[in-house]
Amino acid sequence: MSSAKPSPISASLAPALLAWYDRHARTLPWRVSPEDREHGVVADPYRVWLSEIMLQQTTVQAVKSYFDVFVTRWPTVNDLAAAETEDVMKAWAGLGYYSRARNLKKCADYVATELGGAFPETEEGLRALPGIGPYTAAAIAAIAFDVPAAVVDGNIERVFTRLFEIETPVPTAKPEITALVGAATPDDRPGDFAQALMDLGATICTPKRPVCALCPLDEGCAARTSGRQEAFPVKLPKKAKPVRKGAAFVAERGDGAVLLVKRPDKGLLGGMSGLPTSNWTVRADGETGIRAAPFEAHWRQTGVISHVFTHFELRLEVFHAVVTGEDDYGGWWSASDSLAAEALPTVMKKALASAFPDRF
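Residue positions are given per chain, counted from 1 along the sequence in the order it is written. Residue-level local features of this predicted model are given only where pLDDT is at least 70; pairs of side-chain atoms are given and counted only at 80 or more, and the full residue set underlies all totals for whole chains, interfaces and linings. Side-chain numbers come from the whole structure's heavy atoms, not from hydrogens or water.

1. Quick look at the overall build of the chain
So, step 1. A helix here means a DSSP run of H or I that spans at least four residues, while a strand means a run of E at least two residues long, and both kinds are numbered starting from the N terminus. Secondary structure assignment for the chain yields 14 helices and six strands.
So, step 2. Taking the principal axes of its C-alpha atoms as reference, the chain extends roughly 75 × 45 × 35 Å.
So, step 3. Taken over 360 residues, the chain has a buried fraction of 49%.
So, step 4. Should any heavy atoms of two residues lie within 4.5 Å, those residues are considered in contact. The long-range fraction of contacts in the chain, counting pairs at least 24 apart against all pairs at least 6 apart in sequence, stands at 69%.
So, step 5. Per-residue and other accessible areas follow the Shrake-Rupley method at a 1.4 Å probe size, with only the shown protein chains counted as cover for residues. For the chain, the accessible surface area stands at approximately 17400 Å², while carbon and sulfur atoms represent 51% of it.
So, step 6. Neither His nor the chain termini are counted; the positive set is Lys and Arg, and the negative set is Asp and Glu. All charge positions are set by atom: Lys at NZ, Arg at CZ, Asp at CG, Glu at CD. Each charge class in the chain can be summarised by its mean position, and for the 39 positive and 43 negative side chains these summaries are 7 Å apart. Only protein chains enter the area calculation, which uses a 1.4 Å probe; residues under 20% of their type maximum are buried, those over 50% are exposed, and those in between are partly exposed.

2. A closer look at the layout of surface pockets
So, step 1. Any residue with an atom within 4 Å of a point lines the site, the site being either a cavity, points on a 1 Å grid over the protein atoms alone where a 1.4 Å probe fits but cannot get out, or a pocket, an open set with protein on both sides within 12 Å along at least 5 of 7 lines. Grid points are joined across faces, edges and corners, and a volume is the space filled by probe spheres set on the points. Size it by volume and the second largest pocket reaches roughly 740 Å³.
So, step 2. Together, 25 residues line the second largest pocket, and Val170, Pro171, Lys235, Leu236 and Lys238 are the ones closest to its centre.
So, step 3. Considering each element in turn, the lining of the second largest pocket owes the most residues, four residues, to helix H10 (residues 154–163).

3. Brief notes about the packing of aromatic side chains
So, step 1. Here the aromatic set is Phe, Tyr and Trp, taking the six-membered ring for Trp, and pairing holds for ring centres within 6.5 Å; pairs whose planes are under 30 degrees apart are stacked, those over 60 apart are edge-to-face, and all others are tilted. Scanning the model with the defined rule gives 14 aromatic pairs in all.
So, step 2. Summarising the aromatic geometry, the rings of Phe70 and Trp92 are spaced 6.1 Å apart at their centres and angled 85 degrees between planes, so their arrangement reads as edge-to-face. Of this pair, Phe70 sits in helix H4 (residues 60–73) while Trp92 sits in helix H6 (residues 85–92), placing them 22 residues apart in sequence. Across the pair, exposure class does not vary: Phe70 and Trp92 are buried alike.
So, step 3. Their ring planes at 15 degrees and their centres at 5.0 Å tell us that Phe309 and Phe312 sit as a pair that is stacked.
So, step 4. The structure contains a cluster of three or more aromatic residues connected by ring pairs, namely Phe249, Phe295, Trp299, Phe319, Tyr329 and Trp333.

4. A word on the pairing of strand E1 (residues 243–253)
So, step 1. Judged by how many residues are buried, E1 sits mostly within the fold: eight of 11 residues are covered.
So, step 2. In this scheme, strands are said to pair when DSSP sees at least two bridges between them. The sheet contact formed by E1 and strand E5 (residues 313–323) spans 11 bridges and is parallel. Looking across to E5, one finds that Glu252 is bridged to Val322.

5. Re the environment of Ala137
So, step 1. As for its position among the elements, Ala137 is in helix H9 (residues 134–145).
So, step 2. Ala137 gets classed as buried once you look at its relative accessible area, which sits at 0%.
So, step 3. Between the C-alpha atom of Ala137 and that of Ala149, which follows or precedes it by 12 residues, the distance is 8.9 Å.
So, step 4. What Ala137 contacts, discounting residues up to four positions off in sequence, is Glu123, Leu126, Arg127 and Ile132.

6. What to know about helix H3 (residues 45–55)
So, step 1. The buried count for H3 comes to 10 of 11 residues, which makes it a mostly enclosed element.
So, step 2. Inspection of H3 places Pro45, Tyr46, Val48, Trp49, Leu50, Ser51, Glu52, Ile53, Met54 and Leu55 among the buried residues, and these make up the whole buried set.
So, step 3. Its buried side turned inward, H3 meets H4, helix H5 (77–82), H6, helix H7 (99–114), H9 and helix H12 (190–203).
So, step 4. Gln57, located one to two residues past H3, shows a positive phi value of around 60 degrees.

7. Overview of the packing of H10 against H12
So, step 1. Where H10 contacts H12, the two axes come as close as 8 Å, and the packing angle between them is 80 degrees. Taken together, the axes of H10 and H12 lie roughly perpendicular to each other. Counting all contacts with H10, which are made through Asn155, Ile156, Arg158, Val159 and Phe160, the residues of H12 involved are Ala194, Leu197, Met198, Leu200, Gly201 and Ala202.
So, step 2. For this scheme, ten residues count as nonpolar: Ala, Val, Leu, Ile, Met, Phe, Trp, Tyr, Cys and Pro. Four count as charged, namely Asp, Glu, Lys and Arg, and the remainder, Gly too, count as polar. Broken down by class, the residue content of the contact of H10 with H12 amounts to eight nonpolar, two polar and one charged. Fitting a line to C-alpha atoms yields each axis, with helices limited to the stretch in contact; the angle taken between N-to-C directions then spans 0 to 180 degrees. Each angle receives one of four descriptions, namely roughly parallel if under 35 degrees, roughly antiparallel if over 145, roughly perpendicular if within 65 to 115, and oblique otherwise.

8. A short note on unusual backbone geometry
So, step 1. In this model, Val170 is joined to Pro171 through a cis peptide bond whose omega is 10 degrees.
So, step 2. The residue Pro171 is located in the loop between H10 and helix H11 (174–184) in this model.
So, step 3. Omega for the peptide link from Phe232 to Pro233 comes to -5 degrees, which places this bond in the cis form.
So, step 4. At Tyr97, a position not held by glycine, the phi torsion is positive, near 50 degrees.
So, step 5. Looking at the element boundaries, Tyr97 is found in the loop between H6 and H7.
So, step 6. Phi at Leu269 takes a positive value of approximately 60 degrees, unusual for a residue other than glycine.
So, step 7. Summarising the element assignment, Leu269 is placed in the loop between strand E2 (258–262) and strand E3 (273–274).
So, step 8. The exposure class assigned to Leu269 is buried, which follows from its relative accessible area of 4%.

9. Here's the deal with the environment of Pro186
So, step 1. Among the secondary structure elements, Pro186 is positioned in the loop between H11 and H12.
So, step 2. Residue Pro186 is classed as buried on the basis of its relative accessible area of 16%.
So, step 3. Between the C-alpha atom of Pro186 and that of Leu352, which follows or precedes it by 166 residues, the distance is 51 Å.
So, step 4. Apart from residues no more than four positions distant in its own chain, Pro186 is found in contact with Ala14, Leu18, Pro148 and Phe193.

10. Some details on the state of the cysteines
So, step 1. Here, two cysteine sulfur atoms that lie within 2.5 Å of each other are counted as a disulfide. In this structure the tally under the stated criterion is zero disulfides.
So, step 2. Cys205 takes part in no disulfide bond, and the closest cysteine sulfur, belonging to Cys215, lies 6.2 Å away.
So, step 3. Looking at the unpaired Cys221, the closest cysteine sulfur is the one in Cys212, lying at 6.4 Å.

Listed below in C-alpha cells is the structure:
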C-alpha cells in the first residue's frame, strides 16, 4: 500500500471547503442548508437515514422523487414502522437493490419498537441496526448528530485520491483514504464537511473533466499539480459480468388483468411482485422456451429483454398468452390500470413492456 503524500492543503482543507459549501451547497430535500443551520435548524435523523439508504448505489436525481413519496406518506420512523411491508415495497419499486427496502422496514420496526423512535447517536449504535454498514453509520452520525466521523463514499474517494495522489487501487485503498478523511474532518460542522466533500465530488471533482479552476482545494491538489487528475482513483480492471438466461410469462385475462406472483422472500428481488418466471439465479440459468411455462396455454414469444444487475446480466425470453382466469394459477390478477401501482421491479416492467408495448 502506498503511503499518503504530504500536502500543504491538509491544515486549511476544512475551512476552505466549508467556505465554498456555504456559497455553493446543493439544495436537496433531505438536507439542512447552511443558511437554515445558521438559524438553528437541525437535521432530522429519520430523513438523513432514509436518504442515505436510498442513495446507496443510486443517483441523487433518481432518489429525489422516491424520497418525497416516502416522507409524504410516512413522515416519521414510527409512521414507517406502522406501514404494511407490501406498501413499502410498492413505494420502493423501481429504485432497485430491493434488500435495502426490506432492511429499511426492519430498521424502522426496530427503532420504533425497541428504541422509542430515536436513532442511536453513535457510529457503533447505528451500525447495530439492520441495513446500516460502516459508511451509512458514519454519514448519519456526522450529518444528523455532528459526530466527527470519517465519511467516505465514491465522491469522497475520488476527491482524496486526487488530493494525495493515492496510487493504491480502490477498494484496497479504503483504509488509507478513511484515515486521511478522519484526520481532515473538523470537530466543528463535521456533517457539513462530509456533505461539502460529496458536493465537491458531484459537481467539481467529477470522474471526467473535473473543473479544477473552480475547486476550493485546487492549489494543494497533488494530482492537479502533476496534471493527472483523471488517473485517480486507480481502479482494478473490471471483470466481465456473466450472462444468465431465463423466461418470463405474461398471462393476460380477457379483461386485461395480468397474473402476478410474489417472489420468495430470500434471494434476488426477494418479496417483490413479479411475473411467473423460470428459476434463474445469480449463479445459474433458468429454463428457457415454452417448456418452462408454469401452465399450458397458447404462449407466444414477444421478445427478449435484458437487465443488468450488480453481478450479472439477465436475459429473459418473454411469452404472452390470453387465458380464461378460471383456473387456480397461483398468485393474483392485477387489473390493467393497477399494474403501475404494484411492487414491480424494473426487470418485470421490461417484460411487461415486451408483451404490451402500448401500455408500458
